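Tertiary structure, described
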2 protein chains.
Amino acid sequence: MTVINAKVGSGKYPVLVSDNSINELIDFCDGYSQENVVCIVDEFFKENDNSLYNELNIFLAKYKCLYLPGGLQSKGLEAYSLAMKWLLDIKLPRDGVIVAIGGGVIGDLSAFVASTYMRGTGLVLVPTTTTSMIDSAIGGKTGINFQDQVNAIGTYYNPKAVFMDVRFLLTLNTRDYFAGICEAIKMSVTSDAAQAKKLLNNSTLLASNNREIASLVDLVIWSTKIKLFHVGDDPNEKGIRLTLNYGHTFGQSIETFYGLYQDHYRHGEAVALGMICAASAINSINQSSLSSDLLDFTKKILKQYNLPVLISDQPDCLFPSVEVLVNNLINDKKRTSQGNRFVLVPSIGTSIIQYIDNKKVIASSFQSIMP
Amino acid sequence: MTVINAKVGSGKYPVLVSDNSINELIDFCDGYSQENVVCIVDEFFKENDNSLYNELNIFLAKYKCLYLPGGLQSKGLEAYSLAMKWLLDIKLPRDGVIVAIGGGVIGDLSAFVASTYMRGTGLVLVPTTTTSMIDSAIGGKTGINFQDQVNAIGTYYNPKAVFMDVRFLLTLNTRDYFAGICEAIKMSVTSDAAQAKKLLNNSTLLASNNREIASLVDLVIWSTKIKLFHVGDDPNEKGIRLTLNYGHTFGQSIETFYGLYQDHYRHGEAVALGMICAASAINSINQSSLSSDLLDFTKKILKQYNLPVLISDQPDCLFPSVEVLVNNLINDKKRTSQGNRFVLVPSIGTSIIQYIDNKKVIASSFQSIMP
């Protein structure tokens, strides 16, 4: 059992990582009276009698639970309203606690609910996917989509504790499993060259047919620590937290093409392509051999984790032209008069923030993911 | 011009009070680019060409404005959703600012919108009623009603600045004018005996047909300071802030009888009756002459400000029996196993927090407002 003490803004809370954290969750909730604990749970766990989840089922049987679909249909005002109504119906007191069990959608929704129910009630996060363990459960962001805009509504709100039990990752489907790992690859490339190398060399331990428990625990501990390092003193995203957006500005142009729902491209897959574009961008700005190494490295590591390196790598869907992608990027609401803001990697393990207003550079970056 | 430096939780912001604060608001907003400032405004000010509001009209003409009814119909998820859609349509950036111009409903709604739009954008409050200047605009609470529960949804969120221009109070209808002043009477009784005496003696200066500007400025400055004193180190209501709930536990039982909409009883009017009950409660607990003075004083001062002292003082509406009111109180969601929590006043200017579980004491307290 590893306990990481998170400090985010003025808040502090423990993040527990192991291959049996559910037991710690049970102990934690025993500290509350039974009627003060409620769960919002991915409906995937409702009638799942996989032996892996026996402890979870015993836990869930003890408390009032709201089961919601884990997909993006639960990340909106309708699901928010439904959850709020449920909490008022069952009369959860202000000093109660909401335990969110599921992936990014369940976590983001439940956290927004907790932050606004009677001006804030307790929150415990139990992420169950690579995306949520490696990325969304750490950092205090809550959010729902509105009017087709991602996280248009949300708050910053810290949980009381986060329980990460890597056994949940063993039954995740291959595609979601790797899409989440992409966020770890991203952080290693911007901030930890040794970890980037390790991820490249140890890919068989984390391969979909292997998913070695000890390697998963290691990966989640490392990613929690590195994300907290970026988030810790910058919860509201003014400085160092921006590094986490590596690959995201290019990636968002791809996501804009495919719309809010991630059937065609998962967020992590769009970020993978965004990292290729970003490596290509610094290539055309710097012309150094270092950055050319970066492009090769990025392609190699993404391929090892079944992630796309060309926009055509996702079968069965149309893909946008360079012109469309450039246009999406120019219309990004975050664009300023200086151009779009990018995180760029001068050499593996380091990063800089740079504005680019040169359309040719942007177009040639997108060209690098065209078949 | 008086500037009070508010410190609430980890935040700091100025509260400006005068008889021409609109000019300061204009200067403040000139510090932003025009497209980064938007206003959410009580529709009362939309086509009001009262000469008093000339400066306001010039200000409003400069910025994009959303006009909403000032009544409780705007304090819900529907108005919230409408305001959010409007902000996304006009593309307010995250570093923009929402100026809320109106009474408690417009302020509470706009503040909740600002606290959750893209995880938080700037907020400026321009309260225009006694209730909002004396009470709701100070302290960082935001909120909307949901499922007939008052402020079931909300956050704690500080504005960038508050501009209080007492000229707004000159055109407020008599009933709302006095209902707001009740919150100042309440704070004087719990926390400042000299101010309580002053309010009793100077009531003609604040009378509805007088509303002397200098006295209004004095009253708003005093109430801002005393509320900030209670809120400052306790933004999340664990200790001293509770004092502000004087009269509210009894008052809420009355409000519960009349329902969410305040046609029959304004919040301030219910608090007035709640103060009578609370004075009567400490009488039956303490049996001291001091607390008997309190009951006399409370009745006298409330009458001078046209506030009810008997539940039958509001004409044209049915009123509940003592039994109904006791029942509402027993079913209060804040009730604990120790009973209901009350703020009580042992002598004018001081307060204590006490749990009461004795139904007879509660019933005899309610008896004191029966005709």
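Please read these numbers as outputs of a predicted model, since none were measured by experiment.

1. Remarks on the overall build of chain A
Per the secondary structure count, chain A includes 14 helices and 11 strands. The C-alpha radius of gyration computed for chain A amounts to 20 Å, which stays within 12% of the reference 21 Å derived for 371 residues, consistent with globular compactness. The C-alpha extent of chain A, read off along each of the three principal axes, is 60 × 40 × 40 Å. Out of the 371 residues in chain A, the part that is buried amounts to 58%.

2. Looking at the domain arrangement of chain A
Interface size is commonly expressed as the accessible surface area that is lost when the partners come together. Residue and element names in this part refer to chain A. Looking at the assigned domains, one finds that chain A contains domain 1 (2-172) and domain 2 (175-210 + 230-367). Using only C-alpha atoms to locate each centre, domain 1 and domain 2 end up separated by 28 Å. Contact with domain 1, which involves 18 residues of that partner, is made by 18 residues of domain 2. Both sides of the domain 1 and domain 2 interface together cover about 1600 Å² of buried area, and 62% of this is carbon and sulfur. For the pair domain 1 and domain 2, the number of links is zero salt bridges.

3. Here's the deal with the interface of chain A and chain B
In this assembly, 28 residues from chain A lie in contact with 28 residues from chain B. The junction of chain A with chain B conceals about 2400 Å² of combined surface from both sides, 58% of it contributed by carbon and sulfur atoms. Counting the contacts that link chain A with chain B gives zero salt bridges. At the junction of chain A with chain B, the criterion picks out eight residue pairs in polar contact (both at pLDDT 80 or more). Ranked by residue count, the leading element in the side of chain A that touches chain B is helix α3 (residues 77-89) of chain A, at six residues. In terms of residue class, the side of chain A that touches chain B is built from 11 nonpolar, 11 polar and six charged.

4. Side note on unusual backbone geometry
Residue and element names in this part refer to chain B. The backbone phi angle of aspartate 148 is positive, close to 60°, even though this residue is not glycine. Tracing the backbone shows aspartate 148 in the loop between β7 (144-146) and β8 (149-153). Judged by its relative accessible area of 64%, aspartate 148 falls in the exposed class.

5. Here we look at the pairing of strand β9 (residues 161-165) of chain B
Residue and element names in this part refer to chain B. For β9, the buried fraction is high: five of the five residues fall into the buried class. Alternating residues of β9 divide into Ala161, Phe163 and Asp165 and Val162 and Met164, and every residue in both groups is buried. Here strand β6 (residues 122-127) pairs with β9 via two bridges, running parallel. Following the sheet pairing, valine 124 is matched in β9 by alanine 161.

6. Things to note about the relation of the copies chain A and chain B
Here two copies of a chain appear, and what relates them is a rotation about an axis with a shift along it. Expressed as a screw operation, the relation of chain A to chain B combines 0.0 Å of axial shift with a rotation of 180°, fitting to an RMSD of 0.0 Å. On this basis, the relationship between the two copies can be described by a two-fold rotation axis. A share of 100% of interface residues in chain A that are also interface residues in chain B marks the association as one of identical surfaces.

7. Here's the deal with the sheet that holds strand β4 (residues 64-68) of chain B
All names here are of chain B. Spatially, seven strands are ordered β1-β2-β9-β6-β5-β3-β4 in an open sheet, and the strand pairing comes out mixed. Since the sheet does not close on itself, it has two edges, and those belong to β1 (2-8) and β4, each with one partner. Neighbour to neighbour, the strand axes of the sheet diverge by 20° on average, direction disregarded. Pairing analysis gives five bridges linking strand β3 (residues 37-42) to strand β5 (residues 97-102), with the strands arranged parallel. For valine 41, the partnering residue across the bridge sits in β5 and is isoleucine 101.

8. Describing the nonpolar core
Generally speaking, nonpolar side chains in soluble globular proteins are found buried as a group. In this structure, Tyr80 of chain A together with Tyr80 of chain B are the most contacted members of the largest nonpolar core, which totals 256 residues. Per-element accounting of this core gives the leading share, 11 residues, to helix α11 (residues 267-286) of chain B. Setting aside anything within four residues of it in sequence, one finds tyrosine 80 of chain B in contact with Leu77, Phe112 and Ile153 of chain A together with Leu109, Phe112, Val113, Thr116 and Ile144 of chain B.

9. Overview of the side chain of aspartate 332 of chain A
Here aspartate 332 of chain A shows up in the loop between α13 (322-330) and β10 (340-344). When sequence neighbours within four positions are dropped, the list of residues in contact with aspartate 332 of chain A reads Thr249, Gln252 and Asn340 of chain A.

10. What to know about the packing of aromatic side chains
Residues and elements named next belong to chain A. The final tally for this structure, using the stated rule, is 24 aromatic pairs over all chains. Between phenylalanine 178 and tyrosine 305, the aromatic rings sit 6.2 Å apart at their centres with planes inclined by 75°, giving edge-to-face as the arrangement. Here tyrosine 305 lies in the loop between α12 (289-304) and α13 and phenylalanine 178 lies in helix α6 (residues 174-191), a separation of 127 residues in the sequence. Tyrosine 305 sits in the buried class, given a relative accessible area of 0%. In this structure an aromatic cluster arises from ring pairing among Phe28, Tyr32 and Phe163. Lying across the ring of tyrosine 177, arginine 211 places its NZ or CZ 3.9 Å from the centre.

11. A word on the pairing of strand β8 (residues 149-153) of chain A
Residues and elements named next belong to chain A. The pairing of strand β7 (residues 144-146) with β8 spans two bridges and is classified as antiparallel. Bridge pairing in β8 links phenylalanine 146 to glutamine 149. Hairpin connection between β7 and β8: a loop of two residues separates the two successive antiparallel strands, and glutamine 147 in this loop has a positive phi of roughly 55°.

12. Topic: the pattern of salt bridges
Evaluated as defined, the whole model comprises 18 salt bridges over all chains. Here arginine 167 of chain B ties to glutamate 55 of chain B by a salt bridge, and the two come within 3.1 Å at their closest N and O atoms. With arginine 167 of chain B in the loop between β9 and α6 (174-191) and glutamate 55 of chain B in helix α2 (residues 54-62), this pair connects stretches of sequence that are 112 residues apart. Exposure remark for arginine 167 of chain B: the relative accessible area of 15% places this residue in the buried category. Residue class for glutamate 55 of chain B comes out partly exposed when judged on its relative accessible area of 26%. When the shortest N-O distance is used, the salt bridge between arginine 167 of chain B and aspartate 165 of chain B registers 2.7 Å. A relative accessible area of 1% means that aspartate 165 of chain B is categorised as buried. Taken together, the shared-partner salt bridges in this structure form one network comprising Glu55, Asp165 and Arg167 of chain A.

What counts as what
- Residue numbers restart at each chain and count upward from 1, following the sequence in its written direction.
- Written order decides the labels, with chains lettered from A and ligands numbered from 1.
- The predicted nature of this model means local features are confined to residues of pLDDT at least 70 and side-chain atom pairs, given and counted, to a pLDDT of 80 or more, with totals for whole chains, interfaces and linings taken over all residues.
- Here the side-chain values reflect all heavy atoms present in the structure, with hydrogen atoms and water set aside.
- Numbered from the N terminus, helices here are DSSP runs of H or I no shorter than four residues, and strands are runs of E no shorter than two.
- Throughout, the radius of gyration refers to the C-alpha atoms, and the reference size of a globule is 2.2 Å times the residue count to the power 0.38.
- Any residue under 20% of the maximum accessible area for its type is buried, any over 50% is exposed, and the rest in between are partly exposed; the area is computed with a 1.4 Å probe on protein chains only.
- Domain start and end points were adopted from an automatic or database domain assignment.
- Contacts: residue pairs with any heavy atoms within 4.5 Å of one another.
- Defined here as a combined quantity, buried area equals the accessible surface (1.4 Å probe) lost by two parts on assembly, summed across both.
- Whenever a carboxyl oxygen of Asp or Glu lies within 4 Å of a side-chain nitrogen of Lys or Arg, that contact is scored as a salt bridge.
- Counting of polar contacts relies on pairs of N or O atoms within 3.5 Å, with two restrictions inside protein: one atom must be capable of donating a hydrogen and the other of accepting it, and residues adjacent in sequence are counted only when both atoms are side-chain atoms.
- Polar here means any residue outside two lists: the nonpolar Ala, Val, Leu, Ile, Met, Phe, Trp, Tyr, Cys and Pro, and the charged Asp, Glu, Lys and Arg; Gly therefore counts as polar.
- Two strands pair if DSSP finds at least two bridges between them.
- Residues reaching a pLDDT of at least 70 in both copies supply the C-alpha atoms on which the copies are superposed by least squares.
- Simply put, an axis is a line fit to the C-alpha atoms, just over the touching stretch for a helix, and the angle between two N-to-C directions goes from 0 to 180 degrees.
- As used in this record, nonpolar core signifies buried Ala, Val, Leu, Ile, Met, Phe, Trp, Tyr and Cys residues forming a set joined through side-chain atoms within 4.5 Å.
- Only centres within 6.5 Å qualify two rings of Phe, Tyr or Trp (six-membered ring in Trp) as a pair; their planes then separate them into stacked at under 30 degrees, edge-to-face at over 60, and tilted for everything else.
- Think of it as a cone above the ring: NZ of Lys or CZ of Arg counts as a charge over the ring if it is within 6 Å of the ring centre and within 35 degrees of the ring normal.

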